[in-house]
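Spelled out from the first residue to the last, the chains are:
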Amino acid sequence: MNQVAIYLHRARLIDAIRVHLRTNATRSLDRLLPCMDSFIATQALRCAPSPDSALSFFHLLKKFTISNPQNNLLSQSTVHAMAKRLSLSGRLLDLHTLISAMNASEFPAVLPPSPMDLLRWYAASNDLDSTTNIFSRICSEASSKNQRHPCTEAYNIMMNLYAKNGHDRPAVMLFLRMIEEGANPNSRTYTIVIEHLLTKGKPDAAMEVFEKLPSMRVRRTSRQYLVLANALSAVHRYDAVKNLLLDMQSDGILLRRSLQSAIEKLRDAGYVEETGKFVQDFEPDKRIKSMLFSTPNRDDDNDDNDDDEEEEEDDENAGGLKAQLKPWLDPSALASALSDWNPSEVSVLEDAKFVWTSRLVCKLLRSFKKPDSAWEFFCWVALQPGGFTHDIYTVSRMIVILARHGRVEFVDRLISKIKRERICLSFSTLRLVIDYYGLSKEADAAMRVFREMGSICGTVSKINLRLLYSSLLRTLVKCKRSSEVVDFLDEMVLLGILPDIQTFCGLIQYFALEGDLRMVQHLFGMVRQSAIEPDAFMYQILIRAYCRKERAALALRVFDDMWTRGLKPDMVTKGLLVKSLWKEGRLREAASVEERCEEVKDGFPVAVPGHVWTVSSEDLERMCMIYSSCFLKDGG
């Protein structure tokens, strides 16, 4: 059967179930059950207006599955959707009952939940004790597998729970522990830090963290912009809000509806011209029709739904006789149905007469697994009746997808288009294109885009130019274009743009792996001659590089220099140095290293903070200082 037709059939059924759940017409759901599959059941559970209605529907699904085992409506995703609804609504007793049922294999198609599943559910339900126990279990399992630390998301979940419950010190200490153990904080980690600082009335510290993220190669998210804009508008710092909105555009991030309140306050404060475009974006699209239905008078219909932003547009008047509901739409499922871009499926899509908006097109593009299908859709949607026109957001999304998969010809066509139409890409998009050309090994295309930066995204500041050079050097390294790496490095120096320490670390590591120790020493000499102070992470890279090339004497010299500066490598690097010295017959030197290390009272760190190409020890230490100084009396 046509995949788009299946999608539309499912969408109609899901809409029918949504209406039934909102009108308490659960009995009439019985006749819809034989028409359902596990996908429909999962989506309907996610869209249920309250935990009670979701639980009632789940029991109905369970009863039907027991009676009709050939039509199992309770898949892994369905049961997990129910667990998430229960956890978000704090229904701990029901959640524990469901988890016990999964562990007891009461659902044939469902595996017992993983520790990360349990961690997410217990944290969402605000069960601090259970979450702490599971986190300890995850850490123990990581240790038993000789892993230095659990995944970053485990730290994030635990940190967020601490912060939301007012356990400030444990949240900060976990962040410090995360870095000490060598885990790399990501965008979500810093979102938690920013939100925690804002809830404690520390907007300046939150802004300092936020402004530092680009130089640490951490993506700034719409959530970060949202919480900062709302917090700053609440204390009437409207210039800062205006600058945030400008930065948001520079980062190529679509405006969220949740920002409407902050923008209205900004407009009321006199920033009418600056907010004109944003106000237009918030106006409801009259082309999108709502489903009207009658609903009984009741006051217990609390919506705990945490679906994507489409659900934010629903207008349900729980106490009235009429309610509006936007038709159900899942960009990921629709993109999956169009994955092969079959003509018959496209024909059904055309007949469906979707209302195409920039936000919907962006979500659909992001959901395509195949770049060719994404490109076909991108070209097709611009020709549809209804007047849809690609804007900077849809064009940027398409360019990034094509660059990630090395579709250079299509990227060049789109760049030519924006040049003709005098549209400027965001700096973040330009950097992503160059970064992704490294993954697709398109060095020439990356250099060409770099040379055309002025006509693609306008004037680039010196700070951003350094980041762009760093992205290009990293791409050339991935493509093993050593001579071009040296040429662009020399070009940077001539322009007075010195690479940051992360870039130097990446270059040193690359040339060390290539066996070019002369270039390694030249790069380290550049660092010593500049204002950059080598950190422990850079010394560690050098020691490992020399040891791998069986140059333990040079590694020992670096170790001595590091020791003189009061810095220490991690335990693994120290062990590698000793082993290399022994292997090369330098027994006295190996013994000397061991003796000096034994004198260190607090021992050697498990991991040295820092990550090649992305973040330095200094940056991570700065983040620790900002965060800890706001909550710990001694500053951590």
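Here's a quick rundown of the structure. (Residues numbered from 1 in each chain as written. Predicted model: local features only at pLDDT ≥ 70, side-chain atom pairs only at ≥ 80, totals over all residues. Heavy atoms only, no water.)

All right, on to the overall build of the chain then. Scanning the chain from terminus to terminus reveals 33 helices and two strands. Taking 636 residues into account, the globule formula puts the C-alpha radius of gyration at 26 Å, and the chain, at 28 Å, falls close to it. Projected onto the principal axes, the alpha-carbon positions of the chain cover approximately 85 × 60 × 55 Å. A total of 636 residues make up the chain; the buried ones form 51% of that total. Approximately 30,000 Å² of the chain is accessible, and the part contributed by carbon and sulfur atoms is 50%. With 82 positive and 83 negative side-chain charges, the chain shows a spacing of 2 Å between the two charge centroids. (Helix = DSSP H or I, 4+ residues; strand = E, 2+ residues; numbered from the N terminus. Rg over C-alpha atoms; globule rule 2.2 N^0.38 Å. Buried < 20%, exposed > 50% of the residue type's maximum accessible area, 1.4 Å probe, protein only. Areas by Shrake-Rupley, 256 points an atom, 1.4 Å probe, with all protein chains shown as cover. Lys, Arg positive; Asp, Glu negative; His and termini not counted. Charge placed at Lys NZ, Arg CZ, Asp CG, Glu CD.)

Here we come to the pattern of salt bridges. The final tally for this structure, using the stated rule, is 33 salt bridges. We note a salt bridge from Glu 550 to Lys 583, for which the minimum N-O separation is 3.8 Å. Residue Glu 550 is located in the loop between α29 (536-548) and α30 (552-564), and its partner Lys 583 is located in helix α31 (residues 571-583); the two are separated by 33 residues in the primary sequence. A residue is classified by how much of its surface remains accessible, and Lys 583, at 67% relative accessible area, is exposed. (Salt bridge = Lys/Arg side-chain N within 4 Å of Asp/Glu carboxyl O.)

It is worth spelling out the nonpolar core at this point. Ranked by size, the top nonpolar core spans 216 residues in total, and within it Phe 175, Trp 356 and Phe 377 carry the most contacts. Among the elements that take part in this core, α29 stands out by supplying ten residues, more than any other. (Core = buried A, V, L, I, M, F, W, Y, C linked by side-chain atoms within 4.5 Å.)

Here the focus is the packing of aromatic side chains. Using the criterion set out here, one finds 23 aromatic pairs in the structure. Centroid distance Phe 135 to Tyr 155: 5.9 Å. Interplanar angle 70°. Geometry classified as edge-to-face. Of the two residues, Phe 135 is situated in helix α7 (residues 128-144) and Tyr 155 in helix α8 (residues 152-164); the sequence distance between them amounts to 20 residues. Here the two residues Phe 135 and Tyr 155 agree in accessibility, since each one is buried. Relative to Tyr 190, the ring of Phe 175 lies with its centre 6.2 Å away and its plane at 70°, an arrangement referred to as edge-to-face. One end of the pair, Phe 175, is in helix α9 (residues 168-180); the other, Tyr 190, is in helix α10 (residues 187-199), with 15 residues separating them in the sequence. Residue classification places Phe 175 among the buried residues on the basis of a relative accessible area of 1%. A relative accessible area of 1% means that Tyr 190 is categorised as buried. Members of the aromatic cluster, each reached through a chain of ring pairs, are Trp 341, Phe 354, Trp 356, Phe 368, Phe 377 and Trp 380. Above the ring of Phe 210, the side-chain terminus of Arg 220 is found at 4.3 Å from the ring centroid. (Phe/Tyr/Trp six-rings, centres within 6.5 Å; stacked < 30°, edge-to-face > 60°. Lys NZ or Arg CZ within 6 Å of the ring centre and 35° of its normal.)

Here the focus is the packing of α30 against helix α32 (residues 587-598). Contact pair α30 / α32: the axes reach a minimum separation of 12 Å and the direction vectors enclose 25°. The pairing of α30 with α32 is recorded here as roughly parallel in orientation. Judged by the twist between their axes, the crossing of α30 over α32 is left-handed. Facing α30, whose interface residues are Leu 556, Phe 559, Asp 560 and Trp 563, α32 presents Glu 589, Val 593, Arg 596 and Cys 597. (Axes fitted to C-alpha atoms, helices over the stretch in contact; angles between N-to-C directions. Parallel < 35°, antiparallel > 145°, perpendicular 65-115°, else oblique. Left-handed = near helix turned anticlockwise from the far one by under 90°. Contact = heavy atoms within 4.5 Å.)

What follows covers helix α11 (residues 203-212). All of the buried residues along α11 are Pro 203, Ala 205, Ala 206, Met 207, Val 209 and Phe 210. The inward-facing, buried residues of α11 contact α10, α12 (222-234), α13 (238-250) and α33 (617-629).

Taken N-terminus to C-terminus, the directions of helix α26 (residues 482-494) and helix α27 (residues 501-513) make an angle of 150°; their axes are 12 Å apart at the nearest point. By the angle between their axes, α26 is roughly antiparallel relative to α27. Considering only the axes of α26 and α27, their crossing is left-handed. Contacts from Ser 482, Val 485, Val 486 and Leu 489 of α26 reach α27 at Leu 507, Tyr 510 and Phe 511. Classifying every residue of the contact of α26 with α27 by side-chain character gives six nonpolar, one polar and no charged. (Nonpolar A, V, L, I, M, F, W, Y, C, P; charged D, E, K, R; others polar.)

Of note, Arg 217 is a non-glycine position whose phi angle comes to about 60°, a positive value. Here Arg 217 falls in the buried class, since its relative accessible area comes to 18%.

With 13 residues, α8 should cover 18 Å at 1.5 Å per step; its first-to-last C-alpha distance of 18 Å lies within 8% of that length. The element α8 is largely enclosed, with a buried count of eleven among its 13 residues. Those residues of α8 that fall on the buried side of the exposure criterion are Thr 152, Ala 154, Tyr 155, Asn 156, Ile 157, Met 158, Met 159, Asn 160, Leu 161, Tyr 162 and Ala 163. Buried residues in α8 make contact with α6 (115-124), α7, α9, α10 and α33. Downstream of α8 by a residue or two, Gly 166 has a phi angle that is positive, lying close to 75°. (Expected span 1.5 Å × (residues − 1).)

So, about the environment of Ala 555. As for its position among the elements, Ala 555 is in helix α30. For the pair Ala 555 and Leu 542, spaced 13 residues apart in the sequence, the C-alpha separation amounts to 7.0 Å. Contact partners of Ala 555, with chain neighbours within four places excluded, come to Ile 543, Tyr 546, Cys 547 and Leu 577.

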